[in-house]
2 protein chains.
Amino acid sequence: MIDTSHNGLPSIAFLGTGLMGAPMARRLLGAGFKVTVWNRDMSKAEALRSAGADVAATPADAARGVDVVFTMLSDGKAVEEVLFTSGCADVLRPGTVLVDTSSIAPPIAKDHAARLAARGIHHLDAPVSGGVVGAEAGTLAIMAGGDAAVVERLAAVFAALGRVTHVGPSGAGQICKLANQQIVAITIGAVAEAMVLVEAGGASRERFREAIRGGFAESRILELHGARMIARDFKPGGPSRLQLKDLDAVMSMADQYSLELPLTERVRSEFSEFVAAGGGEQDHSALLLHLERLNGHKA
Amino acid sequence: MIDTSHNGLPSIAFLGTGLMGAPMARRLLGAGFKVTVWNRDMSKAEALRSAGADVAATPADAARGVDVVFTMLSDGKAVEEVLFTSGCADVLRPGTVLVDTSSIAPPIAKDHAARLAARGIHHLDAPVSGGVVGAEAGTLAIMAGGDAAVVERLAAVFAALGRVTHVGPSGAGQICKLANQQIVAITIGAVAEAMVLVEAGGASRERFREAIRGGFAESRILELHGARMIARDFKPGGPSRLQLKDLDAVMSMADQYSLELPLTERVRSEFSEFVAAGGGEQDHSALLLHLERLNGHKA
């Protein structure tokens, strides 16, 4: 079903070679796949030529005749345009797999899956977690929604990028990504509130973080974002405006499912206030600054 | 300053050999310390005789002449009674160290430290995190408030119990323990809300947890309490009523310092509702049940 014309490996188009897409495309090239890249700003696609990529002028040119098409784009609208407005979907052969690694709204992912299925094209919504560092190291957590057999079939492709888990039907990958962001945001809030209490109580924030490592409060957030809070290093990383965008998306799904998610709603409103006060470009760990202001500390 | 009459090691009294105290006393015995134990329910103290403990009938009998006195009691009132009402403090020699590993209110710990200091007795507030499992394995996180030199002097004693960190002056250990519990409670809430979203969105909770491990959402809570939520195994562990007690203590300190801690306040009110609805004896991970009820799921 997959044309293995290049070293016995499926051929790949990679659409969207920005901050995340470029290192992902490099990982695929490094694993021996034939990869044709496209990016709206073509200079970012050209930069991959030295790593062995072919460069296409349009999404359709990149995708014509390949076995697997990856997209890594900024939002649902961008994916819609690249797939359907640009004519990319029209050149895909039945049996092709579209792997959308962008983080977009679950209903849009489901809609894309249904429209591609009508043309005999497989769709996986496969957003990732792990950031640029994970993309470069090939250690992304990939949450895949869609047909389990298709995820299985692409095992060698995903292996070049990180660890893939099939989490459910179409849209499930996007839901899991949102839920991941929800945990990240609330845990940042938890660590920030603990830091505020610790300082008010006369204890050392740095010693506190040291002391509780390895216990039940241990987390990647305590490790990484806790260290940022102590060092007051708020260069992103993950900008607060994107954290807010994710939380807005979570609450929009919560509305759709009529869910009450009290901590999510609360941390969303805090990020909203922080971004409104000008914190949007600071790392999401800078939620500490918002809490400190709320409690009358100097920023 | 410390009498090293037994194998060159300081002699120890351990007051309160319940769920946590018993394995801690066993660890000290296993490390070669001479330990005299006392417990209100004497059968729990007697049970340590076979491990080499001497058993005393009163706190004062246990503490008379020793170098270090440990307390592991249920609350500040119990510590007050054992130290001051029972006459224990009266028999301590100047230079003795009282290590209170109980989790009690920071102002009470400071008060005890001041009253003992007036008698020339050192006080460390040194609450622990890691539960019975950590106590048995000698891997407790110990947060010590008080004189750094005294913490240093007891390095060999603490090494038998886990990892000690000096976090600040008297009371700082208790503040850090509260902040630790704050992070634990909010992170449980974060994982529970994510689980609710994941299920509403048609993804698998189990696969979700698998997928996000190793990413920014990784935590001990996701690992342990997330597994409990998936298995719906809510036998404590850490009962919800104790989690609520800890959160009440956090908010009481927040009131004292005039702090706003929005996520803490929110999760406190959720635990309060859950306990009021009869969930007090279930593990704190059962906050998921509260959220499911809030969202109209069947329990």
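Definitions and limits used
Residues numbered from 1 in each chain as written. Chains lettered and ligands numbered in written order. Predicted model: local features only at pLDDT ≥ 70, side-chain atom pairs only at ≥ 80, totals over all residues. Heavy atoms only, no water. Least-squares fit on C-alpha atoms with pLDDT ≥ 70 in both. Contact = heavy atoms within 4.5 Å. Buried area = accessible area lost by both parts, 1.4 Å probe. Salt bridge = Lys/Arg side-chain N within 4 Å of Asp/Glu carboxyl O. Polar contact = N/O pair within 3.5 Å; in protein donor to acceptor, adjacent residues only side chain to side chain. Helix = DSSP H or I, 4+ residues; strand = E, 2+ residues; numbered from the N terminus. Nonpolar A, V, L, I, M, F, W, Y, C, P; charged D, E, K, R; others polar. Phe/Tyr/Trp six-rings, centres within 6.5 Å; stacked < 30°, edge-to-face > 60°. Buried < 20%, exposed > 50% of the residue type's maximum accessible area, 1.4 Å probe, protein only. Domains from an automatic or database assignment. Pairing = 2+ DSSP bridges. Lys, Arg positive; Asp, Glu negative; His and termini not counted. Axes fitted to C-alpha atoms, helices over the stretch in contact; angles between N-to-C directions. Parallel < 35°, antiparallel > 145°, perpendicular 65-115°, else oblique.

**Here we look at the relation of the copies chain A and chain B**
Part 1 of the reasoning: Overlaying chain A on chain B yields an RMSD of 0.1 Å, the required transformation being a rotation through 180° with an accompanying axial translation of 0.0 Å. Such a combination of turn and shift is consistent with a two-fold rotation axis. Among all C-alpha atoms of chain A, that of Ser-219 of chain A lies closest to the rotation axis, at 2.0 Å.
Part 2 of the reasoning: Most of the interface of chain A is mirrored in chain B, where 100% of its interface residues again form contacts.

**A short note on the interface of chain A and chain B**
Part 1 of the reasoning: Each side of the interface is counted separately: chain A has 65 residues, and chain B has 65 residues.
Part 2 of the reasoning: Contact between chain A and chain B buries roughly 5600 Å² in total, counting both sides, with carbon and sulfur atoms accounting for 68%.
Part 3 of the reasoning: The largest per-residue losses of area from chain A upon contact with chain B belong to Leu-197, Phe-216 and Leu-263 of chain A, which jointly make up 15% of the total buried on that side.
Part 4 of the reasoning: Here chain A is connected to chain B by 0 salt bridges.
Part 5 of the reasoning: For the pair chain A and chain B, the interface holds 22 residue pairs in polar contact (both at pLDDT 80 or more).
Part 6 of the reasoning: Those elements that place two or more of their residues in the side of chain A that touches chain B are strand E8 (140–145), strand E9 (162–168), helix H10 (172–200), helix H11 (205–212), helix H12 (220–231), helix H13 (240–256), helix H14 (262–279) and helix H15 (287–294) of chain A.
Part 7 of the reasoning: Here the side of chain A that touches chain B takes 20 residues from H10 of chain A, the largest share from any one element.
Part 8 of the reasoning: In terms of residue class, the side of chain A that touches chain B is made up of 38 nonpolar, 17 polar and 10 charged.

**Regarding the packing of aromatic side chains**
Part 1 of the reasoning: Applying the stated criterion to the full structure yields 4 aromatic pairs over all chains.
Part 2 of the reasoning: Between Phe-14 of chain A and Phe-70 of chain A, the ring centres sit 5.4 Å apart and the planes meet at 0°, which makes this aromatic pair stacked. Taken as a pair, Phe-14 of chain A in strand E1 (residues 12–15) and Phe-70 of chain A in strand E4 (residues 68–71) lie far apart in primary sequence, 56 residues in all.
Part 3 of the reasoning: Judged by its relative accessible area of 0%, Phe-70 of chain A falls in the buried class.
Part 4 of the reasoning: Their ring planes at 80° and their centres at 6.4 Å tell us that Phe-70 of chain B and Phe-158 of chain B sit as a pair that is edge-to-face. Pair noted here: Phe-70 of chain B is in strand E4 (residues 68–71) and Phe-158 of chain B is in helix H9 (residues 155–159), with a separation of 88 residues, a long-range link. For the pair Phe-70 of chain B and Phe-158 of chain B, a shared accessibility class is recorded, and that class is buried.
Part 5 of the reasoning: Put simply, the rings of Phe-14, Phe-70 and Phe-158 of chain A touch in pairs and so form one group of aromatic residues.

**Quick look at the domain arrangement of chain A**
A common measure of how large an interface is: the accessible area buried when the components associate.
Residue and element names in this part refer to chain A.
Part 1 of the reasoning: When the domains of chain A are assigned, the result is domain 1 (12–169) and domain 2 (176–297).
Part 2 of the reasoning: Every contact between the two is made by 9 residues of domain 1 and, on the other side, 7 residues of domain 2.
Part 3 of the reasoning: Interface area, domain 1 with domain 2, both sides summed: about 650 Å², of which 65% is carbon and sulfur.
Part 4 of the reasoning: Summed over the shared surface of domain 1 and domain 2, the number is 4 residue pairs in polar contact (both at pLDDT 80 or more).

**Focus: the pairing of strand E6 (residues 122–125) of chain A**
Part 1 of the reasoning: As paired strands, strand E5 (residues 97–100) of chain A and E6 of chain A are joined by 4 bridges and run parallel to one another. Bridging across to E6 of chain A, Asp-100 of chain A finds its partner in Asp-125 of chain A.

**Quick look at the pairing of E4 of chain B**
Residue and element names in this part refer to chain B.
Part 1 of the reasoning: Side-chain alternation along E4 places Val-68 and Phe-70 on one buried face and Val-69 and Thr-71 on a second face that is also buried.
Part 2 of the reasoning: Here E4 pairs with strand E5 (residues 97–100) via 4 bridges, running parallel. Looking at E5, one finds that Val-68 is bridged to Val-97.

**A few points about the environment of Ser-43 of chain A**
All names here are of chain A.
Part 1 of the reasoning: Counting through the fold element by element, Ser-43 comes out in helix H2 (residues 42–46).
Part 2 of the reasoning: Residue Ser-43 is classed as partly exposed on the basis of its relative accessible area of 49%.
Part 3 of the reasoning: C-alpha separation for the pair Ser-43 and Thr-17, spaced 26 residues apart in sequence, amounts to 9.8 Å.
Part 4 of the reasoning: At 2.7 Å, the side chain of Ser-43 and the side chain of Asp-41 are in polar contact.

**Describing the side chain of Asp-125 of chain B**
All names here are of chain B.
Part 1 of the reasoning: Topologically, Asp-125 is positioned in strand E6 (residues 122–125).
Part 2 of the reasoning: Buried Asp-125, no salt bridge; nearest opposite-charge side chain is Lys-110, N-O distance 8.9 Å.
Part 3 of the reasoning: In terms of polar contacts, Asp-125 uses its side chain to reach the backbone amide nitrogen of Gly-171, at 2.9 Å.
Part 4 of the reasoning: Those residues in contact with Asp-125 that lie beyond four places of it in its chain are Asp-100, Ala-109, Met-143, Ala-144, Gly-145, Gly-146, Pro-169, Ser-170, Gly-171, Ala-172, Gly-173 and Gln-174.

**A look at helix H4 (residues 76–85) of chain B**
Part 1 of the reasoning: Looking at H4 of chain B, one finds that the buried residues are Gly-76, Ala-78, Val-79, Val-82, Leu-83 and Phe-84 of chain B.
Part 2 of the reasoning: Just downstream of H4 of chain B, Gly-87 of chain B is the residue with a positive phi angle, here 90°.

**Details of helix H1 (residues 21–30) of chain A**
Side chains of residues three or four places apart in an α-helix project in the same direction, reflecting 3.6 residues per turn.
Part 1 of the reasoning: A large share of H1 of chain A lies buried, amounting to 7 of its 10 residues.
Part 2 of the reasoning: What H1 of chain A keeps buried is the set Gly-21, Ala-22, Pro-23, Met-24, Ala-25, Leu-28 and Leu-29 of chain A.

**Quick notes on the packing of helix H14 (residues 262–279) of chain B against helix H15 (residues 287–294) of chain B**
Residues and elements named next belong to chain B.
Part 1 of the reasoning: Two elements in contact, H14 and H15, have axes separated by 10 Å at closest approach and are oriented at 90°. Taken together, the axes of H14 and H15 are roughly perpendicular relative to one another. On H15, the residues that touch Val-267, Glu-270, Phe-271, Glu-273, Phe-274 and Ala-277 of H14 are Leu-287, Leu-289, His-290, Leu-291 and Arg-293.
Part 2 of the reasoning: Class assignment of the residues belonging to the contact of H14 with H15 gives a composition of 7 nonpolar, 1 polar and 3 charged.

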